[in-house]
Amino acid sequence: MSESRPPLTRSLWIASAGVGDEDPELDGLVRVTSAQNGVDILGPHSVGPRPTYLCWAPVNDGPPLLIVSHEIAAGAVSAWRWERDALQAVGPAVQTNGASPCHVVADPALGLLYVAHYGGGSIAAIAYGSAGLTELRALASFEGAAMNGPRQQAPHPHQVVIDRERSQLLVP
């Protein structure tokens, strides 16, 4: 006896940022959904300036948040939900107080987002919940330079990884 399965559907979210301040019309998110019967492309959806990184943030009492980092001078992150075929903002964006946020990861056990600032040489921790982002909880700044000083005169964290087994944050 063979079971019938529902058609497999996948969604891909693409963050698109223009070059500097020259192409703000390119800033947004595009949702590409593929199924057995074809591909749908929805967007771009406006989510604020220079969206450059995305992650899902699970919450205990509702659907997950889609977190967007904004690569702007003061740094910012925003929270969104996909509802009724549209992106809906979930509360206001929160400044991360570090330049050029390039990566964000959610820690649902603590209700925190960790944001790496490539241009600011720091990591931010921001509280979140089902109502969105609440506050900047901590900012850790790093010092030092690369072995090739003229090329890299300050720290540039690329990512924050949660090592759940050891309860540590790893920052390459």
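What counts and how
- Residues numbered from 1 in each chain as written.
- Predicted model: local features only at pLDDT ≥ 70, side-chain atom pairs only at ≥ 80, totals over all residues.
- Heavy atoms only, no water.
- Helix = DSSP H or I, 4+ residues; strand = E, 2+ residues; numbered from the N terminus.
- Buried < 20%, exposed > 50% of the residue type's maximum accessible area, 1.4 Å probe, protein only.
- Contact = heavy atoms within 4.5 Å.
- Areas by Shrake-Rupley, 256 points an atom, 1.4 Å probe, with all protein chains shown as cover.
- Salt bridge = Lys/Arg side-chain N within 4 Å of Asp/Glu carboxyl O.
- Pairing = 2+ DSSP bridges.
- Axes fitted to C-alpha atoms, helices over the stretch in contact; angles between N-to-C directions.
- Phe/Tyr/Trp six-rings, centres within 6.5 Å; stacked < 30°, edge-to-face > 60°.
- Patch = residues over 30% accessible without salt bridge, like charges linked within 9 Å, V, L, I, M, F, W, Y side chains within 5 Å.

**Considerations on the overall build of the protein**
Here is step 1: If you tally the helices and strands in the protein, you get 0 helices and 14 strands.
Here is step 2: From first element to last, N terminus to C terminus, the protein shows the α and β order β-β-β-β-β-β-β-β-β-β-β-β-β-β.
Here is step 3: Per-residue burial for the protein yields a buried fraction of 37% across its 172 residues.
Here is step 4: Across the protein, contacts joining residues at least 24 apart in sequence account for 37% of those joining residues at least 6 apart.
Here is step 5: Here the protein displays about 10100 Å² of accessible surface, and carbon together with sulfur accounts for 52% of that area.

**Topic: the pattern of salt bridges**
Here is step 1: Here the structure, examined in full by the defined rule, presents 3 salt bridges.
Here is step 2: Here aspartate 107 makes a salt bridge to arginine 164, at a shortest N to O gap of 3.8 Å. Of this pair, aspartate 107 sits in strand β9 (residues 101–107) while arginine 164 sits in the loop between β13 (161–163) and β14 (168–170), and the two are 57 residues apart along the sequence.
Here is step 3: Linking aspartate 163 and arginine 166 is a salt bridge whose minimum nitrogen-to-oxygen distance equals 2.9 Å.
Here is step 4: Note on aspartate 163: relative accessible area 14%, which makes it buried.

**So, the pairing of strand β11 (residues 122–129)**
Here is step 1: Counting buried residues in β11 gives 7 out of 8 residues, a clear majority hidden from the surface.
Here is step 2: In the sheet, strand β10 (residues 112–117) pairs with β11 via 6 bridges, with the strands oriented antiparallel. Counted as the bridge partner of tyrosine 114 is alanine 125 from β11.
Here is step 3: Connecting β10 to the next strand, β11, in antiparallel fashion are 4 residues, including glycine 121 with a positive phi near 65°.
Here is step 4: In textbook terms, the turn of a hairpin is the stretch between consecutive antiparallel strands, and for β11 and strand β12 (residues 132–141) this stretch comprises 2 residues.

**Overview of the sheet that holds β9**
Here is step 1: If you walk across this open sheet you meet the 4 strands as β9-β10-β11-β12, and the pairing is antiparallel. The two strands at the open ends of the sheet, each matched to only one other strand, are β9 and β12. Here the strands of the sheet are splayed against their neighbours by 20° on average, with no regard to which way each runs.

**A few points about the packing of aromatic side chains**
Here is step 1: Under the definition given, this model contains 1 aromatic pair.
Here is step 2: Taken together, a centroid distance of 5.3 Å and an interplanar angle of 75° make the contact between tryptophan 13 and tryptophan 82 edge-to-face. With tryptophan 13 in strand β1 (residues 10–16) and tryptophan 82 in strand β6 (residues 76–83), this residue pair connects regions lying 69 residues apart in the sequence.

**A closer look at the sheet that holds strand β2 (residues 28–35)**
Here is step 1: If you walk across this open sheet you meet the 3 strands as β1-β2-β3, and the pairing is antiparallel. Either end of the sheet is taken by a strand with one partner, and the two such strands are β1 and β3 (38–45). Each strand of the sheet is rotated relative to its neighbour by a mean of 15°, with strand direction disregarded.
Here is step 2: One ladder, built from 6 bridges, connects β2 with β3; its direction is antiparallel. Bridging across to β3, arginine 31 finds its partner in leucine 42.

**Quick look at the environment of proline 58**
Here is step 1: For proline 58, the position within the fold is in strand β4 (residues 51–59).
Here is step 2: As a C-alpha pair, proline 58 and alanine 109 span 51 residues in sequence and 9.3 Å in three-dimensional space.

**Quick word on a nonpolar patch on the surface**
Here is step 1: The grouping of Phe142, Leu169 and Val171 at the surface amounts to a nonpolar patch, some 230 Å² of accessible area in total.
Here is step 2: Mapping valine 171 onto the fold places it in the segment after β14.

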